[in-house]
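Residues per chain are reported as follows:
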Amino acid sequence: MDAPMSRAVKSVCTERKMVQERSEAGEARPIEYIVKESQRPADAKPLLASPLPVVHLGQPDEAEEIKAALQSWGMFQVIDHGMPPSFLDEVRDVARAFFKLPVEEKKKYINIRDGMFGREGYGNDQVKVEGQILDWTDRLYLFVQPEDQTKPELWPTNPTSFRDVLHEFTMKTKKLVEDVLKTTAKSLELNQDSFESHLGDKFSILAKFNYYPCCSKPDLVFGVKPHSDGTLITVILPDKDVEGLQVMNDGEWITVTTSPHALIINIGDQMEIMSNGIFKSPVHRVVTFSDKDRISIAMFCANLPGKVIGPVDELVNDMRPRMYKNVKVKDYVEVFQQRFHQGKSALDWAQVL
Ligand SMILES: O=C(O)CCC(=O)C(=O)O
Ligand SMILES: [Fe+2]
């Protein structure tokens, strides 16, 4: 296993300007955000926008639908998720209201405390490696599960409904994730708890509120650079009006479109490892626009850091040898974060050579 901290920049924990401030000041080309010419978003083909496959959870074909979607896209949309459109609007509204607050007000929740960069709170990219290209986004990260490990002092009180709405969204997401994991197990003819039991009673969910300000040079920057998620699964509530999420499918970038009020679900690297590579964690990215900002809420659902994960026994056989080693989730996440900032995948770190 390689040393994740090689080329690392040691503890750069000074506050940087928020992307929102750069956007409002009309900063045209802050150099740290400009992507290398060969990797720029210009190769996006918005004409290839395509609706994600729909999985009808709880319906007779759910297992076949989820298997087909995960084998082709690694991503799908759910419409019957039990969250009424008015509730999804409320979640988007509190996110938007928070990001609309003056930067100084939001900085009450800043992710830098006593000179240390924390995973939770309001901020933007941590500089982890030399020459790192930064993403054109500000965000608020909050652990929402397990509940006894949340840090309420970092949960915004403005707007006043923020905490209650986030709590309700968490509970509903948790139920949805449990259903998705059961259906995923069923689709591989596994015991329905095969993925869940690894989570035990407790489930880690990290809520990530993304704000992508307008960018005067959207062809030169990414809202989020190409990556796969380090999660088991991710649930995304996309912006209601602005698309921007793109997924790599058959070697091409496709702009993701969904039905109104759908939730997007994608698997992450932990599911790729546990499914012994049957399901691939999709590479995706976010682009920005010169004339419209965008918000999204991603709920990152993962095994607890102390767990050791590896391919489920039944999925390893002579026909399909073990592709991944057993890895401790905490170690994986550390390598994942380091590689993410370099625009690289962490999956090969866990691969059986
Ligand atoms: O903004 C989005 O739609 C997706 C964001 C994303 O991929 C992420 O935060 O990992
Ligand atoms: Fe992602």
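Rules of the game
- Residues numbered from 1 in each chain as written.
- Chains lettered and ligands numbered in written order.
- Predicted model: local features only at pLDDT ≥ 70, side-chain atom pairs only at ≥ 80, totals over all residues.
- Heavy atoms only, no water.
- UniProt positions renumbered as here; feature names shortened; annotations may be inferred.
- Helix = DSSP H or I, 4+ residues; strand = E, 2+ residues; numbered from the N terminus.
- Rg over C-alpha atoms; globule rule 2.2 N^0.38 Å.
- Contact = heavy atoms within 4.5 Å.
- Donors = N, O, S within 2.8 Å, 3.2 Å for Na, K, Ca; no water.
- Buried < 20%, exposed > 50% of the residue type's maximum accessible area, 1.4 Å probe, protein only.
- Pairing = 2+ DSSP bridges.
- Near = heavy atom within 4 Å.
- Polar contact = N/O pair within 3.5 Å; in protein donor to acceptor, adjacent residues only side chain to side chain.
- Nonpolar A, V, L, I, M, F, W, Y, C, P; charged D, E, K, R; others polar.

The name recorded for the protein in an unreviewed UniProt entry is Probable 2-oxoglutarate-dependent dioxygenase ANS, from Dioscorea cayennensis subsp. rotundata. Under the Sequence similarities (unreviewed entry) heading, UniProt states for the protein: "Belongs to the iron/ascorbate-dependent oxidoreductase family."

A few points about the overall build of the protein
For the protein, the count of helices and strands is eight helices and 16 strands. Its C-alpha atoms give the protein a radius of gyration of 19 Å, near enough to 20 Å, the size a compact globule of 353 residues would have. With the C-alpha coordinates of the protein rotated into their principal frame, the extents come out at 60 × 45 × 45 Å. Long-range contacts, defined here as pairs at least 24 residues apart, represent 77% of the contacts in the protein between residues at least 6 apart.

Focus on the coordination of the iron ion (ligand 2)
Distances from the iron ion (ligand 2) to its protein donors, His227 (NE2), Asp229 (OD) and His284 (NE2), fall at 2.1 to 2.2 Å. Between consecutive donors of the iron ion (ligand 2), the numbers of intervening residues give the motif H-x1-D-x54-H. The class for His227 is buried, based on a relative accessible area of 12%. Judged by its relative accessible area of 4%, Asp229 falls in the buried class.

Description of the sheet that holds strand E13 (residues 284–286)
Spatially, five strands are ordered E1-E11-E10-E13-E8 in an open sheet, and the strand pairing comes out mixed. Only two strands of the sheet have a single neighbouring strand rather than two, namely strand E1 (50–51) and strand E8 (224–227). Summarising the sheet, E1 and strand E11 (residues 252–257) pair through two bridges and their orientation is parallel. Paired with Ser50 across the strands is Val256, a residue of E11.

Description of the site of ligand 1
Taken together, Lys208, Asn210, Tyr212, His227, Asp229, Ile236, Leu245, His284, Val286, Arg294, Ser296 and Phe300 make up the full set of residues near ligand 1. Residue Tyr212 places a side-chain N or O atom 2.7 Å away from an oxygen atom belonging to ligand 1. Residue His227 places a side-chain N or O atom 3.1 Å away from an oxygen atom belonging to ligand 1. Broken down by secondary-structure element, the contributors of at least two residues to the shell around ligand 1 are strand E7 (204–212), E13 and strand E14 (294–302). The residue makeup of the shell around ligand 1, split by class, is five nonpolar, four polar and three charged.

Quick word on the side chain of Asn303
Positionally, Asn303 belongs in the loop between E14 and strand E15 (308–309). Relative accessible area serves as the criterion here: at 1%, Asn303 is assigned to the buried category.

A look at the environment of Met323
With respect to the secondary-structure elements, Met323 resides in the loop between E15 and strand E16 (327–328). Using a relative accessible area of 24% as the deciding quantity, one classes Met323 as partly exposed. C-alpha separation for the pair Met323 and Leu57, spaced 266 residues apart in sequence, amounts to 29 Å. Contacts of Met323, omitting those with residues within four sequence positions, involve Asn276, Gly277, Lys280, Ala350, Gln351 and Val352.

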